[in-house]
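Descriptive analysis of the structure
Spelled out, the chains give:
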Amino acid sequence: MSDVKIEESWKKRLNKEFSASYFLKLIDFIKEEKKTYQVFPPGSQIFHAFDKCPFDQVKVVIIGQDPYHGIGQAHGLCFSVPVGIKPPPSLVNIFKELKSDINKDIPTSGNLEHWADQGVLLLNATLTVRASTAGSHQNKGWEEFTDAAIRALNEEKEHLVFLLWGAYAQKKGSFIDTNKHLVLKAAHPSPFSVHNGFFGCKHFSKTNDYLKSHGIKQIDW
């Protein structure tokens, strides 16, 4: 399975995952799903988060859970949607916090590729989903793969910022070394939990303050 198309610096670190039995089973599962259902995102965008943000350029990691399961929404970056697609509620709330935190005008597009281009890894724990069925590809192997990616970042790099929004992301990032990295936690930005501590978390300014303090170029959110 070393023919998986993924950005070279990531391929170097994750290559052994592609031949692991869990990953081969995962590939078989996705192939079977595609025979009967629509699967998002499109195949070429499954590893989009890695392709847009090479390992050596990662400064910030945002951990999501599942790709969006509506038509045209998922393009391989957590919380992001392609240009022309209406921003979902969680993303709208992220933009509201940006406005409140650093007075950034709320953008008309929900495409976050400009974050990825600056070193923000927008990583979902699960990289595929069946159309209209949230969580349908959980516990099939993706979580093991994305854990390996986070582990490589945790071990090989220092002074990263991990933004863990919601209990799921916080559990997934529980092994991150807080002596080497900044871990910021808040409630999930979904409408159900946003008032439990996402609004007012100021994660965007805190991220930039930390990067600046370590001589790392800040993110233009």
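Refer to the structure presented above.
Residues numbered from 1 in each chain as written. Predicted model: local features only at pLDDT ≥ 70, side-chain atom pairs only at ≥ 80, totals over all residues. Heavy atoms only, no water.

Things to note about the packing of aromatic side chains
Spelled out, the test is: The rule is short: rings of Phe, Tyr and Trp, with Trp giving its six-membered ring, pair when the centres are within 6.5 Å, and they are stacked under 30 degrees, edge-to-face over 60, tilted in between. Numbering goes from the N terminus for both helices and strands, where a helix is a DSSP run of H or I of at least four residues and a strand is a run of E of at least two. For every residue, the accessible area obtained with a 1.4 Å probe (protein chains only) is divided by the maximum for its type, and the residue is called buried under 20%, exposed over 50%, and partly exposed between those limits.
Applying the stated criterion across every chain yields a total of 20 aromatic pairs. Taking the centre distance of 5.5 Å and the plane angle of 50° together, the rings of Phe23 and Phe145 count as tilted. Note that Phe23 is positioned in helix α2 (residues 21-36) and Phe145 in helix α6 (residues 142-156), a separation of 122 residues in sequence. A single burial state applies to Phe23 and to Phe145, both of which are buried.

Describing the side chain of Ser136
Our working rule: Polar contacts here mean pairs of N or O atoms no more than 3.5 Å apart (in protein, one a potential hydrogen donor and the other a potential acceptor; neighbouring residues in sequence count only if both atoms are side-chain atoms). The contact criterion used is simple: two residues touch if any of their non-hydrogen atoms lie within 4.5 Å.
Within the element layout of this structure, Ser136 appears in the loop between β4 (129-130) and α6. On the basis of relative accessible area, Ser136 is assigned to the buried category, the value being 15%. There is a polar contact of 2.9 Å between the side chain of Ser136 and the backbone nitrogen of Arg130. Apart from the residues lying within four places of it in its own chain, the contact partners of Ser136 are Phe29, Asp66, Val129 and Arg130.

Comments concerning the pairing of strand β2 (residues 60-64)
Going by this rule: When DSSP finds two or more bridges between a pair of strands, those strands are recorded as paired.
Among the 5 residues that make up β2, 5 are buried, leaving the element largely enclosed by the rest of the structure. Of the two faces of β2, the one holding Val60, Ile62 and Gly64 and the one holding Val61 and Ile63 are both buried throughout. Bridge count for β2 against strand β5 (residues 161-165) is 4 bridges, and the pairing is parallel. In the strand pairing of β5, Val60 is matched with Val161.

With respect to the packing of α2 against α6
As a reminder of what qualifies: Working convention: axes come from line fits to C-alpha atoms, limited for helices to the stretch in contact. Angles between N-to-C directions cover 0 to 180 degrees. Each angle receives one of four descriptions, namely roughly parallel if under 35 degrees, roughly antiparallel if over 145, roughly perpendicular if within 65 to 115, and oblique otherwise. By definition, any crossing whose near helix is turned counterclockwise from its far helix by less than a right angle is left-handed, and any crossing with a clockwise turn is right-handed. Throughout, the ten residues Ala, Val, Leu, Ile, Met, Phe, Trp, Tyr, Cys and Pro are labelled nonpolar, Asp, Glu, Lys and Arg are labelled charged, and all others, Gly among them, are labelled polar.
Closest axis-to-axis distance for the α2/α6 pair is 9 Å, and the angle between their directions is 130°. Relative to α6, the element α2 lies oblique. For the pair α2 and α6, the sense of crossing is left-handed. Judged by residue contacts, Tyr22, Phe23, Leu26 and Ile30 of α2 engage Trp142, Glu144 and Phe145 from α6. Class assignment of the residues belonging to the contact of α2 with α6 gives a composition of 6 nonpolar, no polar and 1 charged.

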